[in-house]
2 protein chains.
Amino acid sequence: MGDAHPTIVFYIYLLRKESWWLNTQHSALNILDEKFVGVKLGILGLGTVGTGTVQLLQDAVGRHPLLEEVEIYRVGVRSPDKPRAVELPQSAITTDLAAIVNDPAVDIVVEVMGGLEPARSLILQAIKNGKHVVTANKAAISRFGAEIFNAANEAGVYVMLEAAVGGGIPVIQPLKQALSVNRIHTVIGIVNGTTNYILTRMQTEGSDFSDVLADAQRLGYAEADPTADVDGLDAADKIAILASLGFGGRINLQDVYCEGIRQVSKTDINYAEKLGFVIKLLAIAKYQNKANSQLSVRVHPTFVPKAHPLASINGVYNAILVEGEPIGQVMFFGPGAGAGATASAVTSDILNLVAALKSNSAVPNPLLSCRHEDYCQVTPIAELVTRFYARFLTKDHPGVIGKLGTCFGNHGVSLESVVQTGFQGALAEIVVVTHDVKEGDFRQALDEIRNLEAIDSIASILRVL
Amino acid sequence: MGDAHPTIVFYIYLLRKESWWLNTQHSALNILDEKFVGVKLGILGLGTVGTGTVQLLQDAVGRHPLLEEVEIYRVGVRSPDKPRAVELPQSAITTDLAAIVNDPAVDIVVEVMGGLEPARSLILQAIKNGKHVVTANKAAISRFGAEIFNAANEAGVYVMLEAAVGGGIPVIQPLKQALSVNRIHTVIGIVNGTTNYILTRMQTEGSDFSDVLADAQRLGYAEADPTADVDGLDAADKIAILASLGFGGRINLQDVYCEGIRQVSKTDINYAEKLGFVIKLLAIAKYQNKANSQLSVRVHPTFVPKAHPLASINGVYNAILVEGEPIGQVMFFGPGAGAGATASAVTSDILNLVAALKSNSAVPNPLLSCRHEDYCQVTPIAELVTRFYARFLTKDHPGVIGKLGTCFGNHGVSLESVVQTGFQGALAEIVVVTHDVKEGDFRQALDEIRNLEAIDSIASILRVL
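Residues numbered from 1 in each chain as written. Chains lettered and ligands numbered in written order. Predicted model: local features only at pLDDT ≥ 70, side-chain atom pairs only at ≥ 80, totals over all residues. Heavy atoms only, no water.

**What about the overall build of chain A?**
At step 1: A tally of regular secondary structure across chain A gives 15 helices and 18 strands.
At step 2: Buried positions account for 60% of the 465 residues belonging to chain A.
At step 3: Surface accessibility of chain A: about 17400 Å² in total, with carbon and sulfur atoms responsible for 51%.
At step 4: With 38 positive and 48 negative side-chain charges, chain A shows a separation of 1 Å between the mean positions of the two kinds. (Helix = DSSP H or I, 4+ residues; strand = E, 2+ residues; numbered from the N terminus. Buried < 20%, exposed > 50% of the residue type's maximum accessible area, 1.4 Å probe, protein only. Areas by Shrake-Rupley, 256 points an atom, 1.4 Å probe, with all protein chains shown as cover. Lys, Arg positive; Asp, Glu negative; His and termini not counted. Charge placed at Lys NZ, Arg CZ, Asp CG, Glu CD.)

Given below as structure tokens:
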């Protein structure tokens, strides 16, 4: 550049002018500032995660030195007079969240309020105003991801979401960066701490679901309304996000099959144990058919072989297993929730944005932006090919096992084992494990079996990993 | 920028001129090119890792689209006529490695030749020529890291080393980025696949070290000269690198205490099992004394409680556990070696550099560069505070246990248990487990014990996690 000619300099100016990056206010300023002047955060929400993030940022010594350049500029709350675990200047606190996303001085909006609205609208408004966004909001991203990332790409800003899945575990960033050189074929997660805690206690204590749930609610490991957790909805949001990153396409949340753990009984946990399995609520995304890019994306309680890396993930811990070519199998393990862990993830996103702002790129870093616009093809659950475990209660007629076998055979369902395991009162209990079968065929066989005179009920149906 | 004044434009020019980034040839070119023209790699070495990397890059469809902008421009080999698993144009192959690092067209030098020299000189020359470097060379980085990163910071280039530790597991990048918002206090790894394979087989088969080693050599899991692996030297290189990243300072490799697994016997593995432990070769870096930043950095076979996340990492797999505030405990698990896994890590570094080049930053991304220049204070092993397991062979005199207890007591070593476990021929076997003690005190007690007339030998000494 020593011999740069004024014409060339002007050419640089033109290039820069055209680059989307300069559409944002602060970046234009940064280029003109000789010294980087720090980054101003507007934080939406001061609940568990917001408080944890503020605590982390206010206590920056001994952490990455870039954090010292972050200023907690505005914090939006619902009740300004509520006692808080953190001290903030009264001038920083406001109930006017729109004012934060519209404030020209705010560089990064940190959305940690949760919920769908007004979170969605505030995120979109922040993007429209050229601000980068950090969010922990899996519900909003899994539902409005397409809208949000389209807007972000258009505005030339980044939307970061490390905290949306797996609490403190760095998994979003590895999927976007290090692992993306692989052809990912499987992402399987234990991504809901509440259900993993409940299943672990059911397993170790031999307790019933409802008793453990009640105790988990008392101890604060489950919400008063546990629906989102125990019915698998939270895990469905998360696997939609992970699948999107792992497989490089968007996911329609409606395409994610979702089954919770309410129907898992201690009887099934005992049978799993005897057969060499543990029951885990898995969130699974994998190629059902690689040739035509058909993806299976689903959440359900699953028989996991005891030797599998996910079998030993217990309590409130989360783990995400990724399989790809050529890497093989990698797994990320850590705390799936909690103020500190989630604050770590939120702050790591802030750190990445500060670094991006500071390095003052001419074009956006393609590893930080959302790179896909097409939707993944998700196969209906009836097309899934998997092994099944099923437990039947039958009248103690001779020949029941034969009738079951015939019904399964009629629908092409091949069985690995059929065992009469004992009695429940006057009813015989029969446990069936299938080979790999198409779920639709299996369900049709069950419909036929349900009508058999000898069958009292189908006590449980679980998929086997 | 719509109202930018020519003076301001000239100011931008001056700023840009002063920025280190423009010292590198291609960056200056990039700024002038309207369209990004791709990245040229110079690869040094075409062994297992080099071949895996070339295979991955030659088969880019379905991976991150940025990889399609990478050109394998030059590949340096020792024997150009050797049959290869990959096809490359003859013009790309050369035996003149210096010509690659001096070639003005090369953007990134990928050093996958291993060894200390000429790897070190070639890396330094590449840096001097303004090229970014990707290396898988833990030996060179752990020894010459200070020299290499000083040179890189001065030249304004990045040196990336994801493949140097943990094979395909993304751990370097999480430590530099996501986890760096935490105050890390512990990094513990199973970072050598060969020794973990040997210990796992000793444990499951009840075999002796030498038998399993011979078999591992036959199967290709151990080298003909297994020294670097079984004596812990490879793990020492790796924990020096991890500690440096986790604790934000350089590590003198000489300060890393290192003990291998040759002396681990099947007898000790059995005792470990009975006491509720497994024996793993751990590479540990943790604050010995947080107040004065004293770090303990060491490699040794260790009793690991069975419930610990690292206890179930078996075979050739690696895992790295990181503990910090506020995140708590996170663990990264995956294949620690192999062409595919290591190629994934090398290529993820290449991807990051391509993204950095493409985003054309005005200043270096502080998350990609080395940010520390000071050395960590590492405490001598004698200052370590830990629990010990020790096994003694004694003449079957009455009162031996009392004498042992007295010697330990003389040196302030508090015991958790002393058990006479049986006999080996005419000798009684006594197993001692201590509470937390200072290693120096424990060693002094052992010196005294060694001189007791009743003591035949000290069969083994192992630390307890």
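Back to the text.
**Describing the UniProt feature "active site" (unreviewed entry) in chain A**
Residues and elements named next belong to chain A.
At step 1: UniProt records the feature "active site" (unreviewed entry) for Lys238 in the present numbering.
At step 2: In this fold, lysine 238 is placed in helix α11 (residues 233-247).
At step 3: The class of lysine 238 is buried, set by a relative accessible area of 6%.
At step 4: Excluding anything up to four places from it in sequence, lysine 238 contacts Lys138, Ala164, Val165 and Val191.
At step 5: Engagement of the side chain of lysine 238 in a polar contact is seen with the side chain of aspartate 234, the distance being 2.7 Å. (UniProt positions renumbered as here; feature names shortened; annotations may be inferred. Contact = heavy atoms within 4.5 Å. Polar contact = N/O pair within 3.5 Å; in protein donor to acceptor, adjacent residues only side chain to side chain.)

**As for the domain arrangement of chain A**
Residues and elements named next belong to chain A.
At step 1: Along its sequence, chain A is organised into domain 1 (6-168 + 340-359), domain 2 (172-335) and domain 3 (382-464).
At step 2: One C-alpha centre belongs to domain 2, the other to domain 3; they are set 25 Å apart.
At step 3: Carbon and sulfur atoms make up 57% of the area that domain 2 and domain 3 hide from each other, which totals about 1300 Å².
At step 4: For the pair domain 2 and domain 3, the interface holds two salt bridges.
At step 5: If you look at where domain 2 meets domain 3, you find 10 residue pairs in polar contact (both at pLDDT 80 or more).
At step 6: Broken down by secondary-structure element, the contributors of at least two residues to the side of domain 2 that touches domain 3 are α12 (266-275), β9 (277-289) and β10 (294-305).
At step 7: With six residues, β10 is the single largest residue contributor to the side of domain 2 that touches domain 3.
At step 8: For the side of domain 2 that touches domain 3, a count of residues per class yields eight nonpolar, six polar and three charged. (Domains from an automatic or database assignment. Buried area = accessible area lost by both parts, 1.4 Å probe. Salt bridge = Lys/Arg side-chain N within 4 Å of Asp/Glu carboxyl O. Nonpolar A, V, L, I, M, F, W, Y, C, P; charged D, E, K, R; others polar.)

**Section: the packing of aromatic side chains**
At step 1: This structure, assessed with the given rule, holds 17 aromatic pairs over all chains.
At step 2: Measuring from centroid to centroid gives 5.1 Å for phenylalanine 247 of chain A and tyrosine 287 of chain A, while their planes differ by 85°, and the two rings are edge-to-face. Here the residue phenylalanine 247 of chain A occupies a position in helix α11, and tyrosine 287 of chain A occupies one in strand β9, the gap between them amounting to 40 residues.
At step 3: On the accessibility criterion, phenylalanine 247 of chain A (11% relative accessible area) is buried.
At step 4: Where phenylalanine 392 of chain B meets phenylalanine 408 of chain B, the ring centres are 6.3 Å apart and the plane angle is 70°; that geometry is what we call edge-to-face. Placement of the pair is phenylalanine 392 of chain B in strand β14 (residues 385-395) and phenylalanine 408 of chain B in helix α14 (residues 400-410), with a sequence separation of 16 residues.
At step 5: Here phenylalanine 408 of chain B falls in the buried class, since its relative accessible area comes to 0%.
At step 6: In textbook terms, an aromatic cluster arises when at least three aromatic residues are bridged by ring pairs, as seen for Phe388, Phe392, Phe408 and Phe442 of chain A.
At step 7: Here arginine 120 of chain A stacks its cationic end above the ring of phenylalanine 144 of chain A, 5.5 Å away from the centre of that ring. (Phe/Tyr/Trp six-rings, centres within 6.5 Å; stacked < 30°, edge-to-face > 60°. Lys NZ or Arg CZ within 6 Å of the ring centre and 35° of its normal.)

**Observations regarding the confidence of the model for chain A**
At step 1: Model confidence for chain A is summarised by a mean pLDDT of 90, while 92% of its residues fall at 70 or above.
At step 2: Within the model, the stretch residues 1-34 of chain A combines pLDDT values under 50 with 76 contacts to residues more than four positions away or in other chains. (pLDDT = per-residue confidence, 0-100.)

**Digging into the state of the cysteines**
Two cysteines form a disulfide when their sulfur atoms are joined by a covalent bond.
At step 1: Going through the model one piece at a time under the given rule, you end up with zero disulfides over all chains.
At step 2: Summary of cysteine pairing: cysteine 376 of chain A is not part of a disulfide, and the nearest cysteine sulfur, belonging to cysteine 370 of chain A, is at 11 Å. (Disulfide = S-S within 2.5 Å.)

**What to know about the pattern of salt bridges**
At step 1: Under the criterion given, the structure shown has 54 salt bridges over all chains.
At step 2: The partner of arginine 183 of chain A in a salt bridge is glutamate 325 of chain A, with the nearest N and O atoms 3.0 Å apart. Here the residue arginine 183 of chain A occupies a position in strand β7 (residues 183-190), and glutamate 325 of chain A occupies one in strand β11 (residues 317-325), the gap between them amounting to 142 residues.
At step 3: A residue is classified by how much of its surface remains accessible, and arginine 183 of chain A, at 17% relative accessible area, is buried.
At step 4: A salt bridge links aspartate 231 of chain A to arginine 262 of chain A; its shortest N-O distance comes to 2.7 Å. In this pair, aspartate 231 of chain A sits in the loop between α10 (227-230) and α11 while arginine 262 of chain A sits in the loop between β8 (257-258) and α12, placing the two residues 31 residues apart along the sequence.
At step 5: Among the charged side chains, a salt-bridge network with shared partners connects Asp59 and Arg63 of chain A together with Arg183 and Glu325 of chain B.

**Digging into the UniProt feature "binding site: L-homoserine" (unreviewed entry) in chain A**
Residues and elements named next belong to chain A.
At step 1: In this numbering, the UniProt entry assigns the feature "binding site: L-homoserine" (unreviewed entry) to Glu223.
At step 2: By the secondary structure assignment, glutamate 223 is in the loop between α9 (209-219) and α10.
At step 3: Apart from residues no more than four positions distant in its own chain, glutamate 223 is found in contact with Gln217 and Asp229.

**Details of the nonpolar core**
At step 1: Core analysis: the biggest nonpolar cluster contains 158 residues, and Ile198 and Leu242 of chain A together with Ile198 and Leu242 of chain B have the highest contact counts within it.
At step 2: What isoleucine 198 of chain A contacts, discounting residues up to four positions off in sequence, is Phe209, Val212, Leu213, Ala216, Val230 and Ile261 of chain A. (Core = buried A, V, L, I, M, F, W, Y, C linked by side-chain atoms within 4.5 Å.)

**Examining empty space enclosed by the protein**
At step 1: As enumerated under the stated definition, the model contains nine cavities of 30 Å³ or more in all.
At step 2: Put simply, the largest cavity is a space of about 100 Å³.
At step 3: In terms of lining residues, the largest cavity is bounded by 13 residues, among which Gln177, Asn352 and Asn365 of chain A together with Asn352 and Asn365 of chain B are the most central.
At step 4: For the lining of the largest cavity, the secondary structure elements donating two or more residues are α13 (339-359) of chain A together with α13 (339-359) of chain B.
At step 5: Residue classes in the lining of the largest cavity are distributed as seven nonpolar, six polar and no charged. (1 Å grid on protein atoms, 1.4 Å probe; cavity = no way out; pocket = protein on both sides within 12 Å on 5 of 7 lines; lining within 4 Å. Points joined across faces, edges and corners; volume = space filled by probe spheres on them.)

**Here's the deal with the sheet that holds strand β2 (residues 70-76) of chain B**
All names here are of chain B.
At step 1: Taken in spatial order, the six strands make up an open sheet running β3-β2-β1-β4-β5-β6, and their pairing is parallel. Across the chains shown, the open sheet's two edge strands, defined by having one partner strand only, are β3 (93-94) and β6 (159-160).
At step 2: Sheet topology places strand β1 (residues 39-44) next to strand β4 (residues 108-111); four bridges connect them, and they run parallel. Paired with leucine 44 across the bridge in β4 is glutamate 111.
At step 3: Relative to strand β5 (residues 132-135), α13 is tilted by about 165°, and along the sheet it contacts β1, β2, β4, β5 and β6. (Pairing = 2+ DSSP bridges. Axes fitted to C-alpha atoms, helices over the stretch in contact; angles between N-to-C directions.)

**A few points about the pairing of strand β5 (residues 132-135) of chain A**
All names here are of chain A.
At step 1: Where burial is concerned, the two faces of β5 agree: the one with His132 and Val134 and the one with Val133 and Thr135 are both buried.
At step 2: Here strand β4 (residues 108-111) runs beside β5; their pairing, made up of four bridges, is parallel. Its bridge partner being in β5, isoleucine 108 is matched across the sheet by histidine 132.
At step 3: Read as a crossover between parallel neighbours, the route from β4 over helix α5 (residues 119-128) to β5 is right-handed.
At step 4: The parallel pair β5 and strand β6 (residues 159-160) is bridged by helix α6 (residues 138-155), and the resulting crossover is right-handed. (Right-handed = clockwise from strand over helix to strand, strands pointing away.)

**Here we look at α11 of chain A**
At step 1: In this model α11 of chain A runs 21 Å from its N-terminal to its C-terminal C-alpha over 15 residues, within 8% of the 21 Å that 1.5 Å per residue would give.
At step 2: Among the 15 residues that make up α11 of chain A, 14 are buried, leaving the element largely enclosed by the rest of the structure. (Expected span 1.5 Å × (residues − 1).)

**Structural notes on a nonpolar patch on the surface**
Residue and element names in this part refer to chain A.
At step 1: A surface patch of nonpolar side chains, amounting to about 250 Å² of accessible area, comprises Leu219, Tyr221 and Val316.
At step 2: Along the chain, valine 316 falls in the loop between β10 and β11.
At step 3: On the basis of relative accessibility, which here comes to 36%, the residue valine 316 falls in the partly exposed class. (Patch = residues over 30% accessible without salt bridge, like charges linked within 9 Å, V, L, I, M, F, W, Y side chains within 5 Å.)

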